[in-house]
Amino acid sequence: MTTVAVKPATMAQALGRALRDAMADDPAVHVMGEDVGALGGVFRVTDGLAKEFGEDRVTDTPLAEAGILGTAVGMAMYGLRPVVEMQFDAFAYPAFEQLISHVAKMRNRTRGAMPLPLTVRVPYGGGIGGVEHHSDSSEAYYMATPGLHVVTPATVADAYGLLREAIASDDPVVFLEPKRLYWSKDSWNPDEPRSVEPIGRAVVRRQGRSATLITYGPSVPVCLEAADAARAEGWDLEVVDLRSLVPFDDETVSASVRRTGRAVVVHESSGYGGPGGEIAARVTERCFHHLEAPVLRVAGFDIPYPPPMLERHHLPGVDRILDAVARLQWEAQS
Amino acid sequence: MTVMEQRGAYRPTPPPAWQPRTDPAPLLPDALPHRVLGTRAAERVDPELLRRLYAELVRGRRYNAQATALTKQGRLAVYPSSTGQEACEVAAALVLEERDWLFPSYRDTLAAVARGLDPVEALTLLRGDRHTGYDPYEHRIAPLCTPLATQLPHAVGLAHAARLKGDDVVALALVGDGGTSEGDFHEALNFAAVWQAPVVFLVQNNGFAISVPLAKQTAAPSLAHKAVGYGMPGRLVDGNDAAAVHEVLGEAIAHARAGLGPTLVEAVTYRMEAHTNADDDKRYRDDAEVEAWRAHDPIALLERELTERGLLDEDGIRAVREDADVMAADLRERMNQDPVLDPMDLFAHVYARPTTHLLEQEAQLRAELDAEARHHEYDENDEHDPEGNTR
Ligand SMILES: Cc1ncc(C[n+]2csc(CCOP(=O)(O)OP(=O)(O)O)c2C)c(N)n1
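Below or above, wherever it landed, is the structure these notes cover. The shown structure was predicted, so the numbers you read here are calculated from the model rather than taken from an experiment.

So, on to the overall build of chain A. A tally of regular secondary structure across chain A gives 13 helices and 14 strands. Dimensions of chain A, computed from C-alpha atoms along their principal axes, come out at roughly 65 × 55 × 40 Å. Each of the 334 residues in chain A was classed as buried or not, and the buried ones make up 61%. A separation threshold of at least 6 residues defines the contact pool for chain A, and within that pool the share at least 24 residues apart is 81%. On chain A, the mean spot of the 32 positive side-chain charges and the mean spot of the 44 negative ones are 3 Å from each other.

This paragraph deals with the site of the ligand. Residue and element names in this part refer to chain B. The full set close to the ligand counts 15 residues, and Tyr106, Arg107, Gly178, Gly179 and Asn206 are the nearest of them. A distance of 2.7 Å separates an oxygen atom of the ligand from a polar side-chain atom of Arg107. Phe208 is positioned such that a nitrogen or oxygen atom in its backbone is 2.9 Å from an oxygen atom of the ligand. Protein coverage of the free-state accessible area of the ligand, which is 580 Å², stands at 74%.

Now for the environment of A:His102. Examined against the element boundaries, A:His102 turns out to sit in helix α4 (residues 96-103). For A:His102, a relative accessible area of 0% corresponds to the buried category. Here the alpha-carbon distance between A:His102 and A:Leu69, two residues 33 residues apart in the chain, equals 9.7 Å. Once residues within four sequence positions are removed from consideration, A:His102 is found in contact with A:Glu97, A:Arg109, A:Leu116, B:Cys145, B:Pro147, B:Thr150 and B:His154. Among the polar contacts listed, one links the side chain of A:His102 to the side chain of A:Arg109, at a separation of 3.1 Å.

In this section: the interface of chain A and chain B. Across the boundary between the two partners, chain A contributes 47 residues, which contact 42 residues of chain B. With both chains or domains summed, chain A and chain B bury close to 3700 Å², and 61% of this area falls on carbon and sulfur atoms. Together, A:Tyr78, A:Arg109 and A:Arg111 form the three largest contributors to the area buried by chain A at its contact with chain B, with a combined 21%. Our enumeration of links across chain A and chain B arrives at 2 salt bridges. Of the charged contacts, one joins A:Arg111 and B:Asp345 as a salt bridge, the two residues approaching to 2.4 Å between their closest N and O atoms. Counting across the chain A and chain B interface gives 21 residue pairs in polar contact (both at pLDDT 80 or more). Taken together, the elements giving at least two residues each to the side of chain A that touches chain B come down to β2 (29-33), α3 (65-77), α4, α5 (106-109) and α10 (275-287) of chain A. Here the side of chain A that touches chain B takes 10 residues from α3(A), the largest share from any one element.

A few words on unusual backbone geometry. In this model, A:Val246 is joined to A:Pro247 through a cis peptide bond whose omega is -5°. Mapping A:Pro247 onto the fold places it in the loop between β12 (244-246) and α9 (250-260). Non-glycine residue A:Asp35 carries a positive phi angle of around 65°. Along the chain, the position of A:Asp35 falls in the loop between β2 and α2 (49-53). The phi angle at B:Gln196 is positive, at roughly 50°, despite the residue not being glycine. Relative to the elements of secondary structure, B:Gln196 occurs in the loop between α8 (183-195) and β3 (199-205). According to the relative accessible area criterion, B:Gln196 is partly exposed, its value standing at 30%.

With that settled, the discussion passes to the side chain of A:Ser210. Residues and elements named next belong to chain A. Along the chain, Ser210 turns up in the loop between β9 (203-206) and β10 (211-215). Here Ser210 falls in the buried class, since its relative accessible area comes to 18%. Side-chain polar atoms of Ser210 contact the backbone nitrogen of Asp236, separated by 2.4 Å. Ser210 has contacts with Trp235, Asp236, Leu237, Thr260 and Arg262, leaving out every residue within four places of it along the chain.

We now examine the environment of B:Thr150. Mapped onto the elements, B:Thr150 comes out in the loop between α6 (136-139) and α7 (151-164). Each C-alpha atom of the pair B:Thr150 and B:Gly179 lies 9.0 Å from the other, and the pair is 29 residues apart in sequence. Contacts of B:Thr150, omitting those with residues within four sequence positions, involve A:Glu97, A:Gln98, A:His102, B:Cys145 and B:Asp184. Of note is the side chain of B:Thr150, whose polar atom sits 3.1 Å from the backbone oxygen of B:Pro147.

Reading the values: rules and limits
Residues numbered from 1 in each chain as written. Chains lettered and ligands numbered in written order. Predicted model: local features only at pLDDT ≥ 70, side-chain atom pairs only at ≥ 80, totals over all residues. Heavy atoms only, no water. Helix = DSSP H or I, 4+ residues; strand = E, 2+ residues; numbered from the N terminus. Buried < 20%, exposed > 50% of the residue type's maximum accessible area, 1.4 Å probe, protein only. Contact = heavy atoms within 4.5 Å. Lys, Arg positive; Asp, Glu negative; His and termini not counted. Charge placed at Lys NZ, Arg CZ, Asp CG, Glu CD. Near = heavy atom within 4 Å. Polar contact = N/O pair within 3.5 Å; in protein donor to acceptor, adjacent residues only side chain to side chain. Areas by Shrake-Rupley, 256 points an atom, 1.4 Å probe, with all protein chains shown as cover. Buried area = accessible area lost by both parts, 1.4 Å probe. Salt bridge = Lys/Arg side-chain N within 4 Å of Asp/Glu carboxyl O.

Laid out in structure tokens, this is it:
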């Protein structure tokens, strides 16, 4: 057996590779957005695609998010599979009308006659020192809209697999890319054939017995770090990476919480009205008799995303997660 | 000195190669709304087309009257009548080839019917049983669109996609004067012009957006002028002159089909009835204004042209009206039947692959319906209820 030295790829490269492979496999796949052509996108995810596939399939659009998504709707109506890039989380908001009124509803309005197989890629979340409007965690808005799938990878391999799945899906998918993981690497080999998971399956990233950390996207590595740190305190934490917010994998999550009896939901978007409330409620409904403590949430504060020099105070970090884990000793406390 | 004066006039300094694309004047060929009926130009129009337009106008008006009557009987939740605007609706439908696409707004039921859609299917949105009562691919009619102007970028995208595929397809999108103020209108026009997409925008300027008159909607000299800023032709047409609307749209569509890009057409017309049956138009306009427009009625204009030229006589008029009455009677009868709806349809078309929580909710509703059915049975039989409770 020979071992091939694999140059580790970044998440951004894996996403680009997924786009490339999807375009090569299916001529209906089109990439469009601001600066996705010659520049390769501001995060270089679409690097090289315009050269390989031409401007008709990798299109630098005018600067107008509603127009980008609205024209993509029409293209999907005609049988194409547009993959739209929104440059940053907060700049997707002008396109919300199109997303909510049309993308999410067209299949339903037309009783299945007009599905819209399109993918909206949104770089999201903070932690990269971005200025205002470049760090929003907007997942709760998307989750609250029936008709959309909402997925977010946390590893390089998932970035590839989930994006391939999203593009192949006959349902519209909001594909949330954790910006701060764009440059993260693991030993994913871009040239190896690989299977892709269907959208909607969570994965246990780390097994443990004393409590479950339920998380996704940019908070996954933070939770893994917290789990390592918790070992010193005698806690053996399980970490569940949701990968998909809609559909939600109740099975994997509930099975884990039933095993551990305790759970903390961790995400960086605001807690109030945020995904954690929904997740905690679902876990409570399904696992009430197995719970030794209330499901706790560790989330970003309920504030507009702070200026970069303060963002570390806003983002849930290892310490805040460990504090919550300590609070899970409910009986001892009360 | 004002701030602007301090800064100096805004003068971008383009690189030497930069040239303005076009002299704006040729983009705006119509000094006044283009007319055909009652002018020499009418003689060049195929009489068969004139008769066809006439028959559809009469049917359209009858349809509007019947649908409005159905709101009074509670058979339709709401109906936005296009009475007065039938020439735009009908021309928009008849000017398209079968392979072309129509993108209507909520007021454009008539255009959809004139394109061949079943009159009942066209009303389901307004009856309230289905958002879209038809398969959009069957007649190439996008769903009637309720949010203003949002269908316009769809039309651009579809036309663009068709061209990329090498198909000879044009999209025609309809929008009201109020809709031209929405951001989606501007983004759609800009995309269309930059992509040279084979799309035509028809603005039905009927004077009002619910109660707001055009003067409060825009400061532009005309809505057709808006085309110039995007670099596409802006045409102005008499929206009550069915032959003129057909001609101008026909030219715009030929232009688009030839790969020469989009056109914005402003049809100047008037909404003769209230915004919908729920609106009170006396609050924002005078009867005198409405009356003045009666003299310029689209059906009367075409009827005069046809009769004066001997292309239509009393018998012909009667035949057209009788045909319209038959359509209306059929519509009335079919709309008077209660639609049969399956509550499980609520879940049927949300996703290709339904989520688990949707499957759970589907099961919940199924159980509720079964329980309801058991209780119905019990009420009818007046016996013990199946759960063993005594009444
Ligand atoms: C985005 C949006 N805002 C508001 C409305 C409510 N609304 C429905 S019709 C209408 C007026 C539209 O006027 P216009 O575009 O001139 O079309 P018309 O009704 O005259 O055909 C308004 C404000 C809407 N449908 N969509």
